[in-house]
Amino acid sequence: MSTPTWGDTVRIKKNASTEMRPGALAAVCGMREVETPEQSEQFGCAIGTTVYLVEFGDGASLEIPEEFVEVANDDG
């Protein structure tokens, strides 16, 4: 499985919380690393985790930890 990068189409994994829109497709618009304890608490993940800024087809965007994002395959 490849690591998502800017411009990739990604799918939000089924085990993500409802707010993250599990199963939805989105485009990667940015990435950053969790660097502080406050960010770690905000995103519920460890320092050093990559957080992806994704934009959905309706224009809404969210920052989602890497564990809930995967590159969408053409084969569905």
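Going by the structure above, here's the rest.
Here the structure is a predicted model, which means the values were calculated and not measured.

Examined against the element boundaries, Ser40 turns out to sit in helix 1 (residues 37-43). Among residues more than four places away in sequence, those in contact with Ser40 are Val34, Cys45, Ala46 and Ile47.

Attention shifts here to the side chain of Thr49. As for its placement among the helices and strands, Thr49 is situated in the loop between helix 1 and strand 3 (50-56). Reaching out from Thr49, the side chain makes a polar contact with the backbone oxygen of Ala46 at a distance of 2.7 Å. Aside from chain neighbours lying at most four places away, what touches Thr49 is Arg32, Glu33, Val34, Pro65 and Glu66.

Moving on, we get to the packing of aromatic side chains. All chains considered together, the criterion is met by zero aromatic pairs. The side chain of Arg21 reaches across the aromatic face of Phe56, ending 4.4 Å from its centre.

Here we have five strands laid out as an open sheet, ordered 4-3-2-1-5, and antiparallel in their pairing. What marks the edges here is a single partner per strand, and that holds for strand 4 (61-65) and strand 5 (69-71). Strand-to-strand twist in this sheet, taken as the mean axis angle between neighbours without regard to direction, amounts to 45°. Pairing of strand 3 with strand 4, which is carried by five bridges, proceeds in the antiparallel orientation. Residue pairing in the sheet places Val54 in a bridge with Leu62 of strand 4.

So, on to the pattern of salt bridges. All told, the structure shown has two salt bridges when counted by the stated rule. Here Asp58 and Arg21 are joined by a salt bridge, their closest N and O atoms 3.2 Å apart. With Asp58 in the loop between strand 3 and strand 4 and Arg21 in the loop between strand 1 (9-12) and strand 2 (25-33), this pair connects stretches of sequence that are 37 residues apart. We classify Asp58 as exposed; its relative accessible area is 56%.

Further remarks concern the nonpolar core. Residues Val10, Ile12, Ala16, Met20, Ala26, Val28, Tyr52, Val54, Phe56, Ile64, Phe68 and Val69 constitute the largest nonpolar core, which totals 12 residues. Element by element, the count of residues in this core is highest for strand 3, at three residues. If sequence neighbours within four positions are ignored, Phe68 has contacts with Arg11, Ile12, Lys13, Asn15, Ala16 and Met20.

Definitions and limits used
Residues numbered from 1 in each chain as written. Predicted model: local features only at pLDDT ≥ 70, side-chain atom pairs only at ≥ 80, totals over all residues. Heavy atoms only, no water. Helix = DSSP H or I, 4+ residues; strand = E, 2+ residues; numbered from the N terminus. Contact = heavy atoms within 4.5 Å. Polar contact = N/O pair within 3.5 Å; in protein donor to acceptor, adjacent residues only side chain to side chain. Phe/Tyr/Trp six-rings, centres within 6.5 Å; stacked < 30°, edge-to-face > 60°. Lys NZ or Arg CZ within 6 Å of the ring centre and 35° of its normal. Pairing = 2+ DSSP bridges. Axes fitted to C-alpha atoms, helices over the stretch in contact; angles between N-to-C directions. Salt bridge = Lys/Arg side-chain N within 4 Å of Asp/Glu carboxyl O. Buried < 20%, exposed > 50% of the residue type's maximum accessible area, 1.4 Å probe, protein only. Core = buried A, V, L, I, M, F, W, Y, C linked by side-chain atoms within 4.5 Å.

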